[in-house]
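# Structural features, examined
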Amino acid sequence: MSNTPADPLPAATTPAATTPADPVPAAQAPSAGRGLGHRRIGLPRQRRVLVTTGIAVLAGSVLVTALTASASPSAEPHQADRPAACAPQDPTGPQPPAQDPAPTSVSTVEQAYYCIFDNYYGGSRLDDRPLLQYAAQAVVRELRKRGVDQPFAVLPALTGDRDKDWPPFAKRLQEVLDAVPDDQAPRSSLAVAAIQGMLTALHDNHADYQGPGSPGATPDAHPWGLGIGLNRTLPPAATAPDFTGPLFLTTVGTDTPAAAAGLKPGDVIEAVNNVPVFTNGQLNPGVVDSLHPSYPRRVPVTLTVRRPATDRTRRVRVTPGPLPAQPKPQVDVTLVAGSIADVRIDAFYPGVAQEALKAISDLKATTKLTGIIFDLRGNRGGVADEGNKLMGAFVHDATAVSFCDADGTCDPQPVDNSTPLLHLPMVTLTDDGCASACEVFATGVKDLRLGALVGTRTAGVNSGPAHLYALNDHTSLIRLPSQRVIGANGEIIDGIGVPPDHYAPLTAADVSTGKDPALDKATAILSS
């Protein structure tokens, strides 16, 4: 999220992040576009990676607090023997000269440790012991995974004093690193694991690690995989029911291995490599993981799929391969029912509000519009101020949400009064792929009664606006939210999401036959 709100889980310009529970690799191909008149085949589409727009859209969703991130003041001055403080990043400003990567070391872990206390929401009040416990757990997992477990790899006694607890932890971690094979790669991996463990201890969907060891990273950012999008992407909110299926394809990218194999949006996946997708009603996570092979894995994947439109079941063999480059995010506007502007917004990237409003204005020049539909399904966030600008087209002198500090001090985030009012009714389409800054927009629409929400509940991945910080290995970045998002009515959105006013889920049969119940419902509301 961004201060213009995004989000992890998250929008400041960041490399693509992976969500905690169900990572969706950036390489998944987007939908080929609209079909059947105004309807879009395969909604919700797999979202696009925003590597050139100043934000990253998370598997993890990002709410950016400001495109110019600044470090919070440290809770206490750094001791002389500590590494330099983590460096806040401004992805939109002039970038410093590139530096050669250095090993991720105990010094890097220490820098991340104090960066959390200095910059995370409520960091000055954090107990250091869970951070170090999770760090140790992550290191031990990495040791066991590599087959180099050590008898002295245990967590030393901790006191709860962060400055006193760090030296014995650092000493033990250094001993572990020194004991593994004389190769810098596993040592750096262990240090990265420690950093990731500390961030996991925060249980925050907008706090994460980005670097060579982050989930979903591929060498040279090669787009790779099958070229599909699934109806299960973001991690569910705490209130979400267990996913019981069916698991189906929402998109099949053009010029991808999946398309070459004849797969189509709406195809229901019943088994992968002869392993059922569900066992006793429970999703097999490994099955989903195998649908997202990483570069350069070329092991064929055999899918058993059922096509709802024909009720035919068949086995399809798909070999992972390179995928087309991800297109830039965009605003897609069409006319439905002769007089309603259907505005598809991929992400809240910088400038998207102006693009959307110009597209609406251009349409008004030739058509007497009677309503606006904002289709935000699958929109994983970005810069929240872009949503505030859009809301300014429907109301002035109102607060969409507030960003609040741990001490209860809140910064109201007003809608943009400089946006001319459209004086048109509006409906917004949402689903569980709408996260972070997208949820800021959705809750503003709901709380300020700007229009109806149609679709399904949003993701609930919306802890707060996040900043990026660089570490001393010149390859690692950590993202930390500095505030919490509170709705206009004082409600917490994170983990809960924003419920629609009209429930209209998209089914496999709908996708297979080119139907879109949510869009049809929105059209009916605005036509009544």
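Notes on the structure in this doc start here. On a predicted model such as this, the values are computed, not experimentally measured, just so you know.

## Notes on the overall build of the protein chain
Counting its regular elements, the protein chain contains 11 helices and 25 strands. By the burial criterion, 56% of the 528 residues in the protein chain qualify as buried. Carbon and sulfur atoms provide 52% of the accessible area of the protein chain, an area that totals close to 21,000 Å².

## So, the sheet that holds strand 15 (residues 340-345)
Spatially, 6 strands are ordered 14-15-16-20-21-25 in an open sheet, and the strand pairing comes out mixed. In this open sheet, the two strands that pair with only one neighbour each are strand 14 (331-336) and strand 25 (502-503). When strand 20 (residues 426-430) meets strand 21 (residues 452-455), the two strands line up parallel, connected through 4 bridges. When the bridges of strand 21 are listed, Leu429 appears paired with Val454. Along the sheet, helix 7 (residues 352-364) makes contact with strand 14, strand 15 and strand 16 (371-375), crossing strand 14 at roughly 25°. The strands touched by helix 9 (residues 437-447) are strand 16, strand 20 and strand 21; relative to strand 20, the strand with the most contacts, the crossing angle is about 140°.

## Examining the environment of Gly227
Of note, Gly227 is situated in the loop between strand 4 (224-225) and strand 5 (228-230). In this structure Gly227 comes out as buried when scored by relative accessible area, which is 0%. With 93 residues separating them in the primary sequence, Gly227 and Pro320 have C-alpha atoms 8.3 Å apart.

## Description of the sheet that holds strand 24 (residues 484-487)
Strand order in the open sheet formed by 3 strands is 19-18-24, and the pairing between neighbours is antiparallel. The open sheet has two edge strands with one neighbour each: strand 19 (410-414) and strand 24. In this sheet, adjacent strand axes meet at a mean angle of 30° when their direction is disregarded. Pairing between strand 18 (residues 399-404) and strand 19: 5 bridges, direction antiparallel. Residue pairing in the sheet places Phe403 in a bridge with Asp411 of strand 19.

## Remarks on the side chain of Glu386
Structurally, Glu386 is set in helix 8 (residues 384-391). Under the relative-accessibility criterion, Glu386 is labelled buried at 5%. Of note is the side chain of Glu386, whose polar atom sits 3.0 Å from the backbone nitrogen of Gly351.

## Describing the pairing of strand 14
Summarising the sheet, strand 14 and strand 15 pair through 6 bridges and their orientation is antiparallel. Considered in strand 15, the bridge of Val333 is made with Val343.

## Some details on the pattern of salt bridges
Throughout the structure, instances matching the rule amount to 18 salt bridges. The shortest N-O distance in the salt bridge between Arg307 and Asp267 comes to 2.8 Å. Residue Arg307 is found in strand 11 (residues 301-307), and its partner Asp267 is found in the loop between helix 5 (257-260) and strand 7 (268-272); the two are separated by 40 residues along the sequence. Arg344 is the salt-bridge partner of Asp346, the closest N and O atoms lying 4.0 Å from each other. For the pair shown, Asp346 and Arg344 are each scored as buried. Connected through shared salt-bridge partners, Arg344, Asp346, Asp375, Arg377 and Asp516 make up one network.

## Describing the packing of helix 1 (residues 106-119) against helix 3 (residues 162-179)
Running from N to C, helix 1 and helix 3 point in directions that differ by 150°, and their axes come no closer than 10 Å. The angle between helix 1 and helix 3 places the two elements in the roughly antiparallel class. As helix 1 packs across helix 3, the resulting crossing turns out to be right-handed. Contacts between helix 1 and helix 3 involve Val106, Val109, Glu110, Tyr113, Tyr114 and Phe117 from the former and Arg162, Asp163, Trp166, Ala170, Leu173, Gln174 and Leu177 from the latter. Class assignment of the residues belonging to the contact of helix 1 with helix 3 gives a composition of 9 nonpolar, 1 polar and 3 charged.

Parameters and conventions
- Residues numbered from 1 in each chain as written.
- Predicted model: local features only at pLDDT ≥ 70, side-chain atom pairs only at ≥ 80, totals over all residues.
- Heavy atoms only, no water.
- Helix = DSSP H or I, 4+ residues; strand = E, 2+ residues; numbered from the N terminus.
- Buried < 20%, exposed > 50% of the residue type's maximum accessible area, 1.4 Å probe, protein only.
- Areas by Shrake-Rupley, 256 points an atom, 1.4 Å probe, with all protein chains shown as cover.
- Pairing = 2+ DSSP bridges.
- Contact = heavy atoms within 4.5 Å.
- Axes fitted to C-alpha atoms, helices over the stretch in contact; angles between N-to-C directions.
- Polar contact = N/O pair within 3.5 Å; in protein donor to acceptor, adjacent residues only side chain to side chain.
- Salt bridge = Lys/Arg side-chain N within 4 Å of Asp/Glu carboxyl O.
- Parallel < 35°, antiparallel > 145°, perpendicular 65-115°, else oblique.
- Left-handed = near helix turned anticlockwise from the far one by under 90°.
- Nonpolar A, V, L, I, M, F, W, Y, C, P; charged D, E, K, R; others polar.

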